[in-house]
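# A closer look at the structure
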Amino acid sequence: MLYTNGEGEFRGSKDDWDLAAQIAEKCVEFKADDEDEMVADEAVSCYNCRYRRWTVRSFVCLNKAGFIWTV
Amino acid sequence: MRILVSIDDTDTVKVDNVDVRGTGEMAELIAKAIEDNGWGSCQPITRHQLLIHPDIPYTSHNSSMCFAANIESTYLKPLIDFAADFLACESAPDADPGLCIAIIERISRPGWLISFGYMAKNYVLTKENAYDLAEKLGIHLSEHGGTGLGVIGALAGAGLRLGGNDGRFKGKLKLKTKDNTITTGKICSQSQVDIVKCLETGAVLHDDELVLLGDWVKTILHYGQAVLPVSPVNEIGTGSPGWKTYSKKQMKDF
């Protein structure tokens with residue numbers, strides 16, 4: 001799974017740029033955040049999504065539909 | 001008089017297909033109101049990242065927004081009233097907005113305010129901590145909805161802006177170039193950039209040095225100046241730029 005259960009925290013921490021981009025590319029719920037809050041160079045990335053909420057270690061997706069992206 | 005206007009916790013994540021203004025946009029609108037009303041002139045907005053911690057409620061990134069302004073003293077109360085009403089009416093329904101307005105010359109212990117800013121980047125603070133310090137320093141601090149916890153970030157944002165070494169400026173630079181290459185001199189003349197600097201070495205670029213612009217050119221607040229950070233380009237050919245601007249990834253820690 002790309003997301004854990006429970007809180008749905010992204011397993012890739014804050015530095016798995018490729019994985020965050022791969023997931024966002026497939027996510028129909030991706031919505032770009034305010035430009036000032038973007039951190040990934042890939043335009044479409046969970047790290048740049050309005051629904052990500054940063055945590056100490058990583059982030060959680062606040063859009064439940066985002067949880068469909070598990071492999 | 002020179003003032004700092006800082007706000008925090010005005011937004012929420014979009015829910016039920018309703019778009020909500022971000023805190024940065026709210027700060028922009030307050031700055032616009034100051035200038036549209038003829039109360040004074042405003043400087044660019046800076047974004048300040050605060051602590052991410054399970055005990056701190058925040059929307060998605062826990063950052064505050066601050067700008068400096070020059071206003072006539074008679075407009076201070078109208079500004080406070082306007083900003084307070086604006087936050088109360090325009091913030092997201094479940095936000096916890098806070099407003100801080102500090103008159104720079106009247107901050108008796110600027111170091112205390114700056115320290116509070118850095119404390120908020122490293123420790124969990126309370127509303128009481130914020131109100132106590134604001135009262136001691138004679139700073140306006142008020143809450144305008146929800147739990148009002150945004151007062152912590154609002155006060156911290158003012159401290160970090162005052163310190164002059166934290167955060168990045170809102171928005172990206174728009175510079176005129178033919179091939180995304182431009183001299184340092186033109187960067188500074190076309191924008192509000194004070195200096196172009198390599199942070200790794202501390203080298204400040206000369207006016208004739210060439211910089212390759214990325215697609216997301218942003219400045220940071222560094223030693224009280226608007227600084228465009230650059231990195232050296234590895235392969236330098238004749239006439240090629242020796243420097244390139246930071247990517248988003250490189251900027252994320254500011």
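Given the structure is predicted, the values throughout are model-derived calculations rather than measurements.

Within chain A one finds one helix and two strands. Listed N to C, the secondary structure of chain A is α-β-β in terms of helices and strands. Expressed as a percentage of the 71 residues in chain A, the buried residues total 37%. Taking the contacts inside chain A whose residues are at least 6 apart along the sequence as the reference set, 41% of them involve residues at least 24 apart.

Regarding its fold elements, chain B presents seven helices and 13 strands. The C-alpha atoms of chain B give 19 Å as radius of gyration, which agrees with the globular expectation for 254 residues (18 Å, within 12%). Principal axes of the C-alpha set define a box for chain B whose edges measure 60 × 40 × 35 Å. Long-range pairs, those at least 24 residues apart, make up 73% of the contacts in chain B with a sequence separation of at least 6.

Counting 64 residues, the largest nonpolar core has Val5(B), Phe67(B), Cys100(B), Leu155(B) and Ala158(B) as its most contacted members. Here the element with the most residues in this core is helix H5 (residues 150-163) of chain B; it accounts for eight residues. For this core, the domains that each give at least three residues are domain 1 (2-168) and domain 2 (172-251) of chain B. Excluding residues within four positions of it along the chain, Cys100(B) makes contact with Ser6(B), Ile139(B), His140(B), Leu141(B), Ala154(B), Leu155(B), Gly157(B) and Ala158(B). Core analysis: the second largest hydrophobic core is formed by 14 residues, Val39(A), Tyr47(A), Cys49(A) and Cys61(A) among them.

As far as domains go, chain B holds domain 1 (2-168) and domain 2 (172-251). Summarising the inter-unit geometry, the C-alpha centres of domain 1 of chain B and domain 2 of chain B are found 29 Å apart.

All names here are of chain B. In the contact formed by helix H3 (residues 110-122) and H5, the axes pass within 7 Å of each other and the chain directions differ by 120°. Along this stretch, H3 crosses H5, giving a crossing that reads as left-handed. Contacts between H3 and H5 pair Pro 110, Leu 113, Ile 114, Phe 116, Gly 117 and Ala 120 from the former with Ile 152, Gly 153, Leu 155, Ala 156, Ala 158, Gly 159, Leu 160, Leu 162 and Gly 163 from the latter. Here the contact of H3 with H5 is built from residues that sort into eleven nonpolar, four polar and no charged.

With that settled, the discussion passes to the packing of helix H1 (residues 23-36) of chain B against helix H2 (residues 76-90) of chain B. Residue and element names in this part refer to chain B. Between H1 and H2, the shortest axis-to-axis distance is 11 Å and the interhelical angle comes to 145°. Crossing handedness for the pair H1 and H2: right-handed. Touching Met 26, Ile 30, Ala 33 and Ile 34 of H1 are Leu 79, Phe 82, Ala 83, Phe 86 and Glu 90, all from H2. Of the residues contributing to the contact of H1 with H2, the split by class is eight nonpolar, no polar and one charged.

All names here are of chain B. The topology assignment puts Phe 254 in the segment after helix H7 (248-251). Judged by the 21 C-beta atoms lying within 10 Å of it, Phe 254 falls in the buried class. The spatial distance from the C-alpha of Phe 254 to the C-alpha of His 222 is 10.0 Å, given a sequence separation of 32 residues. With residues up to four places along the chain from it excluded, the contact list for Phe 254 reads Gly 167, Arg 168 and Ile 220.

Since there are 3.6 residues in each turn of an α-helix, residues three or four apart along the chain are aligned in direction. Residues and elements named next belong to chain B. For H1, with 14 residues, the first-to-last C-alpha span of 20 Å sits near the 20 Å given by 1.5 Å per residue. Residues Thr 23, Gly 24, Met 26, Ala 27, Ile 30, Ala 31 and Ile 34 constitute the buried set of H1. Burial along H1 is one-sided: seen end-on, the buried residues are contained in an arc of 165°. In H1, the exposed residues that point more than 90 degrees away from the buried face are Lys 32 and Asp 36. Looking at the buried positions of H1, the neighbouring elements they touch are strand S1 (2-8), strand S2 (40-42), strand S3 (46-49), strand S4 (63-71) and H2.

Take unusual backbone geometry next. Residue and element names in this part refer to chain B. The backbone of Asn 180 shows a phi angle near 65°, a positive value even though the residue is not glycine. Tracing the chain through its elements places Asn 180 in the loop between strand S7 (168-169) and strand S8 (181-183). You can call Asn 180 partly exposed: it has 15 C-beta atoms within 10 Å. Its identity as a non-glycine residue notwithstanding, Tyr 223 has a phi of 50°, on the positive side. Relative to the assigned elements, Tyr 223 resides in the loop between strand S11 (220-222) and strand S12 (225-232). Judged by the 11 C-beta atoms lying within 10 Å of it, Tyr 223 falls in the exposed class.

All names here are of chain B. Of all seven residues that make up S1, six are buried, and the element is covered over most of its length. In this sheet, S4 lies alongside S1 in antiparallel orientation, the contact comprising seven bridges. Its bridge partner being in S4, Ile 3 is matched across the sheet by Ala 69. Where S1 and strand S5 (residues 98-103) come together, six bridges link them in antiparallel fashion. Its bridge partner lying in S5, Leu 4 is registered against Ala 102.

The rules behind these values
Residues numbered from 1 in each chain as written. Chains lettered and ligands numbered in written order. Predicted model: local features only at pLDDT ≥ 70, side-chain atom pairs only at ≥ 80, totals over all residues. Helix = DSSP H or I, 4+ residues; strand = E, 2+ residues; numbered from the N terminus. Buried ≥ 20, exposed ≤ 12 C-beta atoms within 10 Å, placed from the backbone. Contact = placed C-beta atoms within 7 Å. Rg over C-alpha atoms; globule rule 2.2 N^0.38 Å. Core = buried A, V, L, I, M, F, W, Y, C linked by C-beta atoms within 7 Å. Domains from an automatic or database assignment. Axes fitted to C-alpha atoms, helices over the stretch in contact; angles between N-to-C directions. Left-handed = near helix turned anticlockwise from the far one by under 90°. Nonpolar A, V, L, I, M, F, W, Y, C, P; charged D, E, K, R; others polar. Expected span 1.5 Å × (residues − 1). Arc of directions from axis to C-beta. Pairing = 2+ DSSP bridges.

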